[in-house]
Amino acid sequence: MASLPHPIQYQGSKRSIASDILKFFPKKVSRLVEPFAGTAAISVAASAKNITQNFLINDINQPLVKLLELIVEHPNEIADFYTTIWQQQNNSSIEHYYKMRDEFNKNSDSKLFLYLLARCVKGAVRYNREGLFNQSPDKRRKGTHPSKMKKNIEGVSKLLKGKCTFTNLDYRDVLAQINSSDFAYLDPPYQGVCGNKDSRYYSGIDFYDFVLALEDLNRRNISFVVSYDGKRGDKKFGSELPKELNLKKIDIEVGRSSQATLLGREEITIESLYCSPTLNTEINIHNLSRQLVVIR
Ligand SMILES: C[S@@+](CC[C@H](N)C(=O)[O-])C[C@H]1O[C@@H](n2cnc3c(N)ncnc32)[C@H](O)[C@@H]1O
């Protein structure tokens, strides 16, 4: 798949493995539902591949969903705003970042959020106990150049404009509204990686609630794919989903750590996908590239 537009820098984005994830989607679906959309990288990829042209994009982080909606529906407005803010940095870019962060924490302006994500360390969203965004600036970079940002914004808008419903709900409220003609892609925050439990937005989800929600989707014959656990070298992230859910598990090798290779260790990063029993993954399994392994 040609390189996909990506205006929002975001830790946990699935953009780099979107084409591998899409291999396990049906060829056509009437609507793609993303209850944990983040940057909506999978909806962007699914539109480019014409799997569907109808999307429900949800995330509990309100400024993030509002930002996505602006990018999709009002690309010029948000691109111009970004250019103005980016150009204000001049030589005092660190000071400027903190000023913009204070402003964002007062007014939750999602337009400012684009700049903060472009400038902050690893695009990693961090909040303190009061729910205030507290990530530091990346001191070595000034954030995506406005001309490149504009291209990425226009690219996403071209693929999604007029085709999405945007909501800002808990994932369970989204799942309660959908039916068996929908297809869901679920990418919750990993246990242990999502940080502060008290944070308003990026809170980890309860494992058992999530298992119950998947059980309910099975009962209602709704097809879905979940990105869940993973591992780097010997280190595991998150628990495996229970076998009782009858999901097919696929491990995707997403990279090798160059630093570990230098130290003589073989450290491979794996992300796991789970496909619902209603999905016919047999066809895809024959076409797998080397780094995709079907586990069960
Ligand atoms: C791993 S990220 C998703 C990344 C996304 N697939 C992408 O490619 O950008 C998980 C997302 O779940 C959201 N989230 C956390 N708890 C949630 C909840 N209870 N309901 C809905 N979304 C939630 C977070 O705000 C975060 O954006």
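In case you missed it, the structure is sitting above this.
Residues numbered from 1 in each chain as written. Predicted model: local features only at pLDDT ≥ 70, side-chain atom pairs only at ≥ 80, totals over all residues. Heavy atoms only, no water.

Re a positive patch on the surface
Right, on to step 1. Where like charges cluster on the molecular surface, the positive patch consists of K122, R126, R232 and K235.
Right, on to step 2. Turning to its location among the elements, K235 is positioned in strand β6 (residues 235-237).
Right, on to step 3. The class for K235 is exposed, based on a relative accessible area of 52%. (Patch = residues over 30% accessible without salt bridge, like charges linked within 9 Å, V, L, I, M, F, W, Y side chains within 5 Å. Areas by Shrake-Rupley, 256 points an atom, 1.4 Å probe, with all protein chains shown as cover. Salt bridge = Lys/Arg side-chain N within 4 Å of Asp/Glu carboxyl O. Lys, Arg positive; Asp, Glu negative; His and termini not counted. Charge placed at Lys NZ, Arg CZ, Asp CG, Glu CD. Helix = DSSP H or I, 4+ residues; strand = E, 2+ residues; numbered from the N terminus. Buried < 20%, exposed > 50% of the residue type's maximum accessible area, 1.4 Å probe, protein only.)

Here's the deal with the nonpolar core
Right, on to step 1. Counting 61 residues, the largest nonpolar core has I8, F25, I57, F113, F133, L160 and V225 as the members making the most contacts within it.
Right, on to step 2. In this structure F133 touches Y97, R101, F104, N105, F113, L116, C120, A124, V125, R126 and Y127, once residues within four positions along its chain are discounted.
Right, on to step 3. In terms of nonpolar packing, the next biggest core, distinct from the first, is built from 24 residues, L175, F210, V226 and L245 among them. (Core = buried A, V, L, I, M, F, W, Y, C linked by side-chain atoms within 4.5 Å. Contact = heavy atoms within 4.5 Å.)

Here's the deal with helix α9 (residues 207-219)
Right, on to step 1. In this model, α9 (13 residues) spans 19 Å end to end at C-alpha, consistent with the 18 Å of a helix rising 1.5 Å per residue.
Right, on to step 2. F207, F210, V211, A213, L214 and L217 are the residues of α9 that are buried. Each buried residue of α9 sits inside an arc of 160 degrees when the element is viewed along its axis, so together they form one side. Of the exposed residues in α9, the ones pointing more than 90 degrees away from its buried face are Y208, L212 and R219.
Right, on to step 3. On its buried face, α9 is in contact with α8 (171-177), β4 (182-186) and β5 (223-232).
Right, on to step 4. N-capping of α9 is provided by D206, with a side-chain oxygen placed 3.0 Å from the backbone N of Y208.
Right, on to step 5. N221, located one to two residues past α9, shows a positive phi value of around 55 degrees. (Expected span 1.5 Å × (residues − 1). Arc of directions from axis to C-beta. Polar contact = N/O pair within 3.5 Å; in protein donor to acceptor, adjacent residues only side chain to side chain.)

Concerning the site of the ligand
Right, on to step 1. Residues in close proximity to the ligand total 23 residues, the closest being Y10, K14, T39, D59 and D187.
Right, on to step 2. The separation between an oxygen atom of the ligand and a polar side-chain atom of Y10 is 2.6 Å.
Right, on to step 3. For the ligand, a nitrogen atom lies 2.9 Å from a polar atom in the side chain of D170.
Right, on to step 4. Burial of the ligand by the protein amounts to 98% of the accessible area it has alone, namely 610 Å².
Right, on to step 5. Classifying every residue of the shell around the ligand gives twelve nonpolar, seven polar and four charged. (Near = heavy atom within 4 Å. Nonpolar A, V, L, I, M, F, W, Y, C, P; charged D, E, K, R; others polar.)

Side note on the pattern of salt bridges
Right, on to step 1. Throughout the structure, instances matching the rule amount to 13 salt bridges.
Right, on to step 2. Between D216 and R219 there is a salt bridge, with its nearest N and O atoms 2.3 Å apart. Of the two residues, D216 and R219 are both situated in helix α9; the distance of three residues between them amounts to about one turn of the helix.
Right, on to step 3. With a relative accessible area of 24%, D216 lands in the partly exposed category.
Right, on to step 4. We classify R219 as exposed; its relative accessible area is 61%.

Remarks on the environment of K142
Right, on to step 1. Within the secondary structure, K142 sits in the loop between α6 (110-119) and α7 (146-160).
Right, on to step 2. K142 sits in the partly exposed class, given a relative accessible area of 39%.
Right, on to step 3. With 49 residues separating them along the chain, K142 and S93 place their C-alpha atoms 7.2 Å apart.

A short note on the side chain of D138
Right, on to step 1. Mapped onto the elements of the fold, D138 is located in the loop between α6 and α7.
Right, on to step 2. If sequence neighbours within four positions are ignored, D138 has contacts with R119, C120 and V121.

Let's talk about the packing of helix α5 (residues 93-107) against α6
Right, on to step 1. Two elements in contact, α5 and α6, have axes separated by 10 Å at closest approach and are oriented at 140 degrees. Taken together, the axes of α5 and α6 are oblique relative to one another. Crossing handedness for the pair α5 and α6: left-handed. When α5 is examined against α6, the residues S93, I94, H96, Y97, M100, R101, E103, F104 and N107 are found in contact with a partner set consisting of L112, F113, Y115, L116 and R119.
Right, on to step 2. Broken down by class, the residue content of the contact of α5 with α6 amounts to eight nonpolar, three polar and three charged. (Axes fitted to C-alpha atoms, helices over the stretch in contact; angles between N-to-C directions. Parallel < 35°, antiparallel > 145°, perpendicular 65-115°, else oblique. Left-handed = near helix turned anticlockwise from the far one by under 90°.)

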